[in-house]
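# Structural features, examined
Residue-level listing of the chains:
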Amino acid sequence: MADRGRPRKFDRTAALQRAMEVFWAKGFAGASMADLTAAMGINSPSLYAAFGSKEQLFREAVDLYRGTEGQRVWKDVETLPTARATVEAILMRTAESFTRPGKPTGCLVVLGAVVGGDAGEAVGRDLCERRRGNHDALIRRLERAVAEGELPQGIDCGAIATFYLTVQQGMSLQARDGATRETLTEVARSAMAAWPALTASPRIAARQ
């Protein structure tokens, strides 16, 4: 006979993977505890014992997303031969990653937080910081391209990074609304058509 009162054992990694997909599909606010426990195959006490809170579970799920799904888009950012190749790879991989069969559409880091209540606001701030990290990484890659002579001195690397990250985040919303991979690929190609104009002449950032 099984010992009564002993917590049911479960695979924490597998449970976290399933929680990630619930949050990915429904967002932090939209994912109820019933949704999470049903997907993870555990009860609420076990969830709290293993992860502490819904907010902490979400943070771990986002960490897992960035280390797995996010790497499909952001790998090689520092090692591709040119900044143009880097930006094009990010956008083309985005079109593929955000429309994978059998997976939620869009991006958890973009779509995961709907602010509501103290926990929701904290989650929103955390995702904002993570998105800012992507922005900063792209700026650094563009600045390196300037230093290496690929791009001209004086261009506004921050503005260029903001443009392409805005396109990429918009692709997430489009994917959630049902855009196909082919449609998003065309969005990526259209955005890359703007590359010569964005990088051909100095775009000095306005000083405040």
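Data block above holds the structure.
Residues numbered from 1 in each chain as written. Predicted model: local features only at pLDDT ≥ 70, side-chain atom pairs only at ≥ 80, totals over all residues. Heavy atoms only, no water.

### Observations concerning the overall build of the chain
The secondary structure content of the chain amounts to 11 helices and zero strands. Each helix and strand of the chain, ordered N terminal to C terminal, gives the series α-α-α-α-α-α-α-α-α-α-α. Scored against the burial criterion, the 208 residues of the chain give a buried share of 42%. Considering only contacts within the chain whose residues lie at least 6 apart along the sequence, 71% involve residues at least 24 apart. By element, 53% of the accessible surface of the chain is carried by carbon and sulfur atoms, the whole surface being about 10800 Å². (Helix = DSSP H or I, 4+ residues; strand = E, 2+ residues; numbered from the N terminus. Buried < 20%, exposed > 50% of the residue type's maximum accessible area, 1.4 Å probe, protein only. Contact = heavy atoms within 4.5 Å. Areas by Shrake-Rupley, 256 points an atom, 1.4 Å probe, with all protein chains shown as cover.)

### Focus: helix α4 (residues 54-67)
Here α4 is 14 residues long and its end C-alpha atoms lie 20 Å apart, about the 20 Å a rise of 1.5 Å per residue gives. Of all the residues in α4, the buried ones are Lys 54, Leu 57, Phe 58, Glu 60, Ala 61, Val 62 and Tyr 65. (Expected span 1.5 Å × (residues − 1).)

### Thoughts on the pattern of salt bridges
One pass over the full model with this rule turns up 16 salt bridges. Where Glu 21 meets Lys 103, a salt bridge forms, and the shortest distance between an N and an O atom there is 2.6 Å. Taken together, the positions of Glu 21 in helix α1 (residues 12-30) and Lys 103 in the loop between α6 (83-97) and α7 (108-111) put the pair 82 residues apart, joining distant regions of the chain. Its salt-bridge partner being Arg 132, residue Glu 129 comes within 2.4 Å of it at the nearest N-O pair. On the criterion of helical spacing, the pair formed by Glu 129 and Arg 132 is a turn pair, its members being three residues apart in helix α8 (residues 117-147). Assessed through its relative accessible area of 48%, Glu 129 is described here as partly exposed. (Salt bridge = Lys/Arg side-chain N within 4 Å of Asp/Glu carboxyl O.)

### A word on the side chain of Ser 46
With respect to the helices and strands, the residue Ser 46 is situated in helix α3 (residues 44-51). At 2.8 Å, the side chain of Ser 46 and the side chain of Asn 43 are in polar contact. (Polar contact = N/O pair within 3.5 Å; in protein donor to acceptor, adjacent residues only side chain to side chain.)

### Describing the packing of aromatic side chains
One pass over the structure, following the stated rule, counts six aromatic pairs. Judged by centre distance (4.9 Å) and plane angle (90°), the rings of Phe 23 and Phe 58 are edge-to-face. Within this pair, whereas Phe 23 is found in helix α1, its partner Phe 58 is found in helix α4, the two being separated by 35 residues in sequence. When its relative accessible area of 1% is taken as the criterion, Phe 58 is described as buried. The interplanar angle of 75° and the centroid separation of 5.1 Å between the aromatic rings of Trp 24 and Tyr 65 together place this pair among those described as edge-to-face. Of this pair, Trp 24 sits in helix α1 while Tyr 65 sits in helix α4, and the two are 41 residues apart along the sequence. Linked through ring pairs, Phe 23, Phe 28 and Phe 58 together constitute an aromatic cluster. Here the guanidinium or amino end of Lys 54 rests over the ring plane of Phe 28, the centre of that ring lying 4.6 Å away. (Phe/Tyr/Trp six-rings, centres within 6.5 Å; stacked < 30°, edge-to-face > 60°. Lys NZ or Arg CZ within 6 Å of the ring centre and 35° of its normal.)

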